[in-house]
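In case you want the letters, here they are:
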Amino acid sequence: QVQLVESGGGLVQAGGSLRLSCAASGRTFSSYVMGWFRQAPGKEREFVAAINWSGGSTAYADSVKGRFTISRDNAKNTVYLQMNSLKPEDAAVYSCAVKNSGWYGYRLSSAYAYWGQGTQVTVSS
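So, how was this worked out
Residues numbered from 1 in each chain as written. Predicted model: local features only at pLDDT ≥ 70, side-chain atom pairs only at ≥ 80, totals over all residues. Heavy atoms only, no water. Phe/Tyr/Trp six-rings, centres within 6.5 Å; stacked < 30°, edge-to-face > 60°. Helix = DSSP H or I, 4+ residues; strand = E, 2+ residues; numbered from the N terminus. Buried < 20%, exposed > 50% of the residue type's maximum accessible area, 1.4 Å probe, protein only. Lys NZ or Arg CZ within 6 Å of the ring centre and 35° of its normal. Disulfide = S-S within 2.5 Å. Core = buried A, V, L, I, M, F, W, Y, C linked by side-chain atoms within 4.5 Å. Pairing = 2+ DSSP bridges.

## Observations regarding the packing of aromatic side chains
Step number 1: Under the counting rule described, the total for this entry stands at six aromatic pairs.
Step number 2: Between F37 and Y112, the ring centres sit 5.0 Å apart and the planes meet at 80 degrees, which makes this aromatic pair edge-to-face. With F37 in strand β4 (residues 33-39) and Y112 in the loop between β9 (92-99) and β10 (114-115), the pair connects residues that are 75 residues apart, well separated along the chain. When sorted by exposure, F37 lands in the same class as Y112, which is buried.
Step number 3: The ring of W115 carries R45 above its face, with NZ or CZ at 3.9 Å from the centroid.

Encoded structure:
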């Protein structure tokens, strides 16, 4: 069992930055693929970013590429999402998730086994 707790969300003006954190429990955190997803009101959950166990492989949705950076600190059992140049369309509930079945399929929310409760990001124009 893995428990995830996100933090760092809030209200920011367009063009601003936020850093989300996701703290995980569990001794095998370092072996998991970690992902960030987001869901805006009335929209489906969408993939944002993913990182493999070592941090050597990362992937991003086209909509955030060049603006968001995913990273992890396995010593702290924490994954981060640095979000820069935020746009109003980035507003959503952001959730981190654990994928314990390898890198393949990292864009699919159905491939993730454990989820955090989410943190709200609001971007004012």
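## Observations concerning the environment of F37
Step number 1: Judged by relative accessible area, which is 1%, F37 ranks as buried.
Step number 2: Residues F37 and Y94, 57 residues apart in the sequence, show an inter-C-alpha distance of 5.7 Å.

## Overview of the state of the cysteines
Step number 1: All chains considered together, the criterion is met by one disulfide.
Step number 2: Residue C22 pairs covalently with C96 via a disulfide, S to S 1.9 Å. As the torsion about the S-S bond is roughly 55 degrees, the C22-C96 disulfide counts as right-handed. Here C22, found in strand β3 (residues 18-24), pairs with C96, found in strand β9; they are 74 residues apart in sequence, far enough to count as distant.

## Regarding the nonpolar core
Step number 1: The biggest cluster of nonpolar side chains holds 38 residues, and the ones touching the most others in it are M34, W36, L81, M83 and Y94.
Step number 2: Where this core is concerned, the elements lending two or more residues are β3, β4, β5 (46-51), β6 (58-60), β7 (68-73), β8 (78-83), β9 and β11 (119-124).

## Some points on the pairing of strand β1 (residues 4-7)
Step number 1: Only one face of β1 is covered, namely the face carrying L4 and E6; the face carrying V5 and S7 is uncovered.
Step number 2: In terms of strand pairing, β1 meets β3 through four bridges, oriented antiparallel. Bridge assignment links L4 to a residue of β3, and that residue is A24.

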